[in-house]
Amino acid sequence: MNNLFSFYTVIVGLIVGSFLSMLIPRLHTGEAGIFLGRSHCAKCKHILGAGNLIPVISFLIQRGKCSFCSGKISAIYPIIELSTALTFLSLSFQENFIINTILFSILLFIFFYDLLYKEIHDAVMIPGILFALISSAILGNFQSVALGAVIGISFFGFQWLISKGKWLGSGDIRIGAFMGLMLGWQLTLVAIMSAYLLGTIYSLYLLATKQASQKTAIPLGPFLSLGTALAFFYGNAIIDRYLNLMI
């Protein structure tokens, strides 16, 4: 039964990932028909059939090329699909599966949208914050997540104010609110520290390999998403280890 549930979880994850891979570029370009429009090749605009839309498999069969114009298909599509499937599979071992898959779908959107376009789209971010708020009331941990949201908003809002938006964008403040509502105050602290640690390591790598300079803008959203995921799965263990070291 568990194996069967895991199998269906992966299938659902691939489908949701396929939707995210379509949603992300369409929101960025402002293309109409997100829910009712037909999928088409980004280059030749040819309408795609069902055989062209099987998550990951179609990309592999077509060798990363459009069946109609032979134009190259971005590898970001199967990457998003596989990432979502693996995330859903990991969540299948956790409680509150449905709520968590929705929250992590929003988190995956933040990761890839900011990675690709260096911005956050409120069409998903604002409903995501509202859903996290409602789910916290359902799960009965409203006090903790409310404090977490305050911490997230204050931490990023203060940086935004004193730098006049030069250090980070206002979208990161909304991500902070989402993180707090999703994790609660203790895990939000773990998520923020993890995100900045990962971001620092990556920045130092880019500087060391001369792939970036000190003036290069690096999106924070992907690291906040990774930090949130790390805190969700391992945050309590990290806190326990830290407290043990302090005693």
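Each value, and the rule that gives it
- Residues numbered from 1 in each chain as written.
- Predicted model: local features only at pLDDT ≥ 70, side-chain atom pairs only at ≥ 80, totals over all residues.
- Heavy atoms only, no water.
- Helix = DSSP H or I, 4+ residues; strand = E, 2+ residues; numbered from the N terminus.
- Expected span 1.5 Å × (residues − 1).
- Buried < 20%, exposed > 50% of the residue type's maximum accessible area, 1.4 Å probe, protein only.
- Salt bridge = Lys/Arg side-chain N within 4 Å of Asp/Glu carboxyl O.
- Contact = heavy atoms within 4.5 Å.
- Axes fitted to C-alpha atoms, helices over the stretch in contact; angles between N-to-C directions.
- Left-handed = near helix turned anticlockwise from the far one by under 90°.
- Nonpolar A, V, L, I, M, F, W, Y, C, P; charged D, E, K, R; others polar.

S.K.: Run through helix α4 (residues 97-117), naming residues and quoting values.
M.R.: Between its terminal C-alpha atoms α4 stretches 30 Å, which fits the 30 Å expected from 21 residues at 1.5 Å a residue. When you tally the buried positions in α4, you get 15 out of 21 residues, the bulk of the element. K118, located one to two residues past α4, shows a positive phi value of around 55°.

S.K.: Report on the environment of Q186, specifying residues and quantitative values.
M.R.: With respect to the element layout, Q186 can be found in helix α8 (residues 185-208). Among the residues examined, Q186 registers a relative accessible area of 42% and is labelled partly exposed. A C-alpha to C-alpha distance of 19 Å links Q186 and G157, two positions 29 residues apart in sequence.

S.K.: Which residues make up the pattern of salt bridges, and what values do they have?
M.R.: For the coordinates displayed, the defined rule picks out 1 salt bridge. Here R174 makes a salt bridge to D122, at a shortest N to O gap of 2.8 Å. Remark: D122 occurs in helix α5 (residues 122-139) and R174 occurs in helix α7 (residues 170-183); sequence separation between them is 52 residues. On the accessibility criterion, R174 (23% relative accessible area) is partly exposed.

S.K.: Give me the side chain of S92: which residues, what numbers.
M.R.: Inspection of the secondary structure assignment puts S92 in the loop between α3 (76-91) and α4. A residue is classified by how much of its surface remains accessible, and S92, at 15% relative accessible area, is buried. Ignoring anything within four residues of it in the chain, the contact list for S92 reads F5, S6, T9 and F97.

S.K.: Which residues make up the packing of helix α1 (residues 2-29) against α4, and what values go with them?
M.R.: It is at 10 Å that the axes of α1 and α4 come closest, and there the two elements cross at 40°. By crossing handedness, the relation of α1 to α4 is classed as right-handed. Along its contact with α1, which presents F5, T9, V16, L20, L23, I24, P25, L27 and H28, the element α4 presents F97, S105, L108, F109, F112, Y113, L116 and Y117. Classifying every residue of the contact of α1 with α4 by side-chain character gives 14 nonpolar, 3 polar and no charged.

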